[in-house]
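Breakdown of the fold
Listed below are the residues making up each chain.
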Amino acid sequence: MKKITTPLTDAAVKDLKAGDSVLITGIIYTGRDSAHKRLIEALNAKQPLPVDLKGQIIYYVGPAPAKPGYPIGPAGPTTSERMDPYTPALLAYGMKGMIGKGNRTPEVIEALKKYTGVYFAAVGGAAALIAKRIKKCETVAYDDLGPEAVMKLTVEDFPVVVVNDCYGNDLYEEGMKKYRKT
Amino acid sequence: MKEVKYQDIVNRVAKLCIDANCLIGDDIINSFKSGLNIEESPTGKDILKQLIENAEISKNEIIPACQDTGVAVVFLEVGSGIKVSGGELFDAINAGVAKGYKEGYLRKSIVSDPLRRKNTGDNTPAFIHTEIVPGDTLKITIAPKGGGSENMSEVKMLTPAAGWEGIKKFVVDRVMRSKANPCPPIIVGVGIGGNFEKVAYLAKKSLLRDIGSVHPDPFYAEKEKELLEEINKTGIGPQGFGGRVTALAVFIEAYPCHIASMPTAVNINCHAARHKTAIL
C-alpha cells in the first residue's frame, strides 16, 4: 500500500504503477460533466480557473446529501468516460490526477504519458465507506450547479487503485487478460 | 372492496425507498462472502471486503450504500379487490418517493426532460409497472436503479435461428463491453421472448430475485448457470481490475413470443442490487 499527499509532483506520479493500491491524504477537488464543461470554457477563453488545479486531483463524484452531523453524504465515483473529452486539456494545464471508475479513451491515456499524470479508480458503490475518509467538504466554485458544483475535499487515507499510470500501462486491460479463461 | 389509505401508501413507499438504499440484502452480503472463497486476485478480494464493510456502515448508520440512489423503479401488484381511498394510487407512490428521497437524504437524480435536463428536485416521477392480480392486497416493490449499470444495458431483436448460442454470445459480449462501468461484481438480468418493449421489462423484473435463488424451470436454471460460468471466465473481476468474480448471479425471465422473433434484453445491475417489498 502506497501513501501519497496532494498536490502531486512529477516524481510522485512517476512512482505510481498500474495496479498499485494507494491511500491519498490532502486536498482533492470534485468535478463532473457540467463543471468540466465550464473549466474548459474558461481555459479556452484564457480566463483564470476558479480553483488552481496545478498539481491537483479531480474526483468524479456527485455525492448524496449529507445527513446532519456528517461532512458529506455517500460519495463513490461516477463513470469517468463522460469526462474524457475535457481531460487532455486539463492535464496539459497541469492537473496531475483523476479519480473515477471505468475505462478512459486512448487520447486520455496518451495525455497521461505526455504530461505525467495518473488515473485512479475508487471502488464504485463503496460510497458509505469512502465518505468516512472525507473529513471536510466546501463548495469552492459553480455553486449554481448544485451536486455538480466544484467542492474542495479534505481527505485522509482515501483508498484508490492506479488504473492508468504515466507509462501507458492499463490495469483494466492487464488485469482482465491475467484472469481470463478461454 | 378492501380500502387502502392514500397516506399509508405514501408512508410505506417512503420507508421502502430508504430501506432499499440503506439496508443491503443478506443475499448480497452472503454472495460477497462466498466470492471471497472463489476470488483469486488479491485486489479483487480486497474490494469484496470493502463492499462488505460498506454495507455494514450503511446499515448501522442508515446512510445509502451508494451515492447513486437511482431511479425509483416501482413494481405494483394491485389486487382486484382493493380500492385506494383519499387519493390516486400513482399520486401516492410519487408522494412516497418524494418523501423518502428527502427524509432519507437520498440523491435526487431525475431530470424532467431528456434534452433540457432540469432536475425535478424530488426524484419523481417514479417509473411504475402495474399488474392487476386476484386478491385484496397491494404489493409494492421498490427497486432503485443506478445510472452506471443501466447505461450498460441493451435490447437486441435476435431471430430464432440465433438460438441459445446467439443469446449467450450477446449476453457475454454485453458484459465484456461494459467492463468496469457497471461496478462489478454485477447481477445480470436477461429477458428472452415477448416483443421489443416486453423483453426489457422481463430483464428488469428478473433482477428482483434473490441471489442464490434457483429458476423454477430446470431448463432455465441450467442456462443461468451456464451464463454465469461464461461471464466469470471473462476475467473482468471485481471493479474490472481483473479476477474471477465478475457476476454474482444471472437471472433469466422468459415469455411467449412471435414465430419470427426471439427478442433478448440484458439489464445489468451493480452489486448493490437494491429492492424491498411491502404488502398492504
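Residues numbered from 1 in each chain as written. Chains lettered and ligands numbered in written order. Predicted model: local features only at pLDDT ≥ 70, side-chain atom pairs only at ≥ 80, totals over all residues.

Before going further, it helps to spend a moment on the overall build of chain A. Helix and strand content of chain A: six helices and seven strands. Across chain A, helices and strands are ordered from the amino to the carboxyl terminus as β-α-β-α-β-α-β-α-β-α-β-β-α. Its C-alpha radius of gyration of 16 Å places chain A within 12% of the 16 Å reference for a compact globule of 182 residues. In terms of its C-alpha atoms, chain A occupies a principal-axis envelope of roughly 50 × 40 × 30 Å. Taken over 182 residues, chain A has a buried fraction of 49%. (Helix = DSSP H or I, 4+ residues; strand = E, 2+ residues; numbered from the N terminus. Rg over C-alpha atoms; globule rule 2.2 N^0.38 Å. Buried ≥ 20, exposed ≤ 12 C-beta atoms within 10 Å, placed from the backbone.)

The subject of this paragraph is the overall build of chain B. If you tally the helices and strands in chain B, you get eight helices and ten strands. Along the first, second and third principal axes, the C-alpha set of chain B runs to 55 × 50 × 40 Å. Taking all 280 residues of chain B together, the buried fraction comes to 48%. The long-range share in chain B, meaning contacts at least 24 apart out of those at least 6 apart in sequence, stands at 82%. (Contact = placed C-beta atoms within 7 Å.)

Residue and element names in this part refer to chain B. With respect to the helices and strands, Ile82 occurs in strand S3 (residues 82-85). Taking the C-beta count within 10 Å as the criterion, Ile82 has 17 such neighbours and is therefore assigned partly exposed. Linking Ile82 and Gly135, residues 53 residues apart in sequence, is a C-alpha distance of 7.8 Å. Among residues more than four places away in sequence, those in contact with Ile82 are Met1, Lys2, Val4, Asp136, Thr137 and Leu138.

A word on the sheet that holds strand S2 (residues 71-79) of chain B. All names here are of chain B. On the basis of which strands lie adjacent, the open sheet formed by four strands has the order S4-S2-S5-S10 and mixed pairing. Across the chains shown, the open sheet's two edge strands, defined by having one partner strand only, are strand S4 (127-133) and strand S10 (276-279). Averaged over neighbouring strand pairs, the angle between their axes works out to 15° when direction is ignored. Note: S2 against S4, seven bridges, orientation parallel. Counted as the bridge partner of Val74 is Ile128 from S4. (Pairing = 2+ DSSP bridges. Axes fitted to C-alpha atoms, helices over the stretch in contact; angles between N-to-C directions.)

The partner chain B presents 38 residues to the 38 residues of chain A that form the contact. A per-element tally of the side of chain A that touches chain B places helix H6 (residues 171-179) of chain A first, with eight residues. A breakdown of the residues in the side of chain A that touches chain B according to their chemical character gives 19 nonpolar, eleven polar and eight charged. (Nonpolar A, V, L, I, M, F, W, Y, C, P; charged D, E, K, R; others polar.)

Quick look at the nonpolar core now. In this structure, Phe120(A), Val13(B), Cys17(B) and Val188(B) are the most contacted members of the largest nonpolar core, which totals 127 residues. Looking at this core, you find at least three residues from each of domain 1 (2-20 + 65-145) and domain 2 (148-273) of chain B. Those residues within four positions of Val188(B) in sequence are excluded, and the remaining contacts are Val171(B), Val175(B), Ile231(B), Ala247(B), Val250(B), Val266(B) and Ile268(B). (Core = buried A, V, L, I, M, F, W, Y, C linked by C-beta atoms within 7 Å. Domains from an automatic or database assignment.)

Attention now goes to the packing of helix H2 (residues 26-38) of chain B against helix H3 (residues 42-61) of chain B. Residue and element names in this part refer to chain B. Interhelical geometry of H2 versus H3 gives an angle of 155° and a closest axis separation of 9 Å. By the criterion of interaxial angle, the relationship of H2 to H3 is roughly antiparallel. Taken as a pair, H2 and H3 cross one another with a handedness that is left-handed. Each of Ile29, Phe32, Lys33, Gly35 and Leu36 in H2 lies in contact with H3, whose residues at this interface are Lys45, Leu48, Leu51, Ile52 and Ala55. (Parallel < 35°, antiparallel > 145°, perpendicular 65-115°, else oblique. Left-handed = near helix turned anticlockwise from the far one by under 90°.)

A separate point is helix H8 (residues 218-231) of chain B. All names here are of chain B. Taking 1.5 Å of rise per residue, the 14 residues of H8 would be expected to cover 20 Å, and the 20 Å separating its terminal C-alpha atoms lies within 8% of that figure. For H8, the complete set of buried residues consists of Lys223, Glu224, Leu227 and Ile231. Down the axis of H8, the sector holding all buried residues measures 100°, keeping them to one side. When the buried face of H8 is taken as reference, the exposed residues oriented beyond 90 degrees from it are Pro218, Glu222 and Glu229. Buried positions along H8 lie against helix H6 (163-178), strand S7 (186-194) and strand S8 (247-257). (Expected span 1.5 Å × (residues − 1). Arc of directions from axis to C-beta.)

Residues and elements named next belong to chain B. Strand order in the open sheet formed by four strands is S6-S9-S7-S8, and the pairing between neighbours is mixed. A strand with exactly one partner marks an edge of an open sheet, and here the two such strands are strand S6 (154-158) and S8. With strand direction ignored, the average angle separating the axes of adjacent strands in the sheet is 15°. For S6 and strand S9 (residues 262-269), the ladder comprises five bridges, and the chain directions are antiparallel. The partner of Lys156 across the bridge, within S9, is Thr264. Along the sheet, helix H7 (residues 196-206) contacts S6, S7, S8 and S9; its crossing angle with S7, the most-contacted strand, is approximately 145°.

On to the packing of H6(B) against H8(B). The packing of two helices is summarised by the inter-axis angle and the distance between the axes. All names here are of chain B. For the pair H6 and H8, interaxial distance at closest approach is 10 Å and the crossing angle is 40°. Classed by the angle they form, the pair H6 and H8 counts as oblique. For the crossing formed where H6 meets H8, the hand is right-handed. Contacts between H6 and H8 involve Lys168, Val171, Val172 and Val175 on the former and, on the latter, Leu227, Glu230 and Ile231.

All names here are of chain B. What the domain assignment reports for chain B is domain 1 (2-20 + 65-145) and domain 2 (148-273). A C-alpha centroid distance of 26 Å is found between domain 1 and domain 2. Facing the nine residues of domain 1 at the interface are eight residues of domain 2. Only S2 and strand S5 (138-145) provide two or more residues apiece to the side of domain 1 that touches domain 2.

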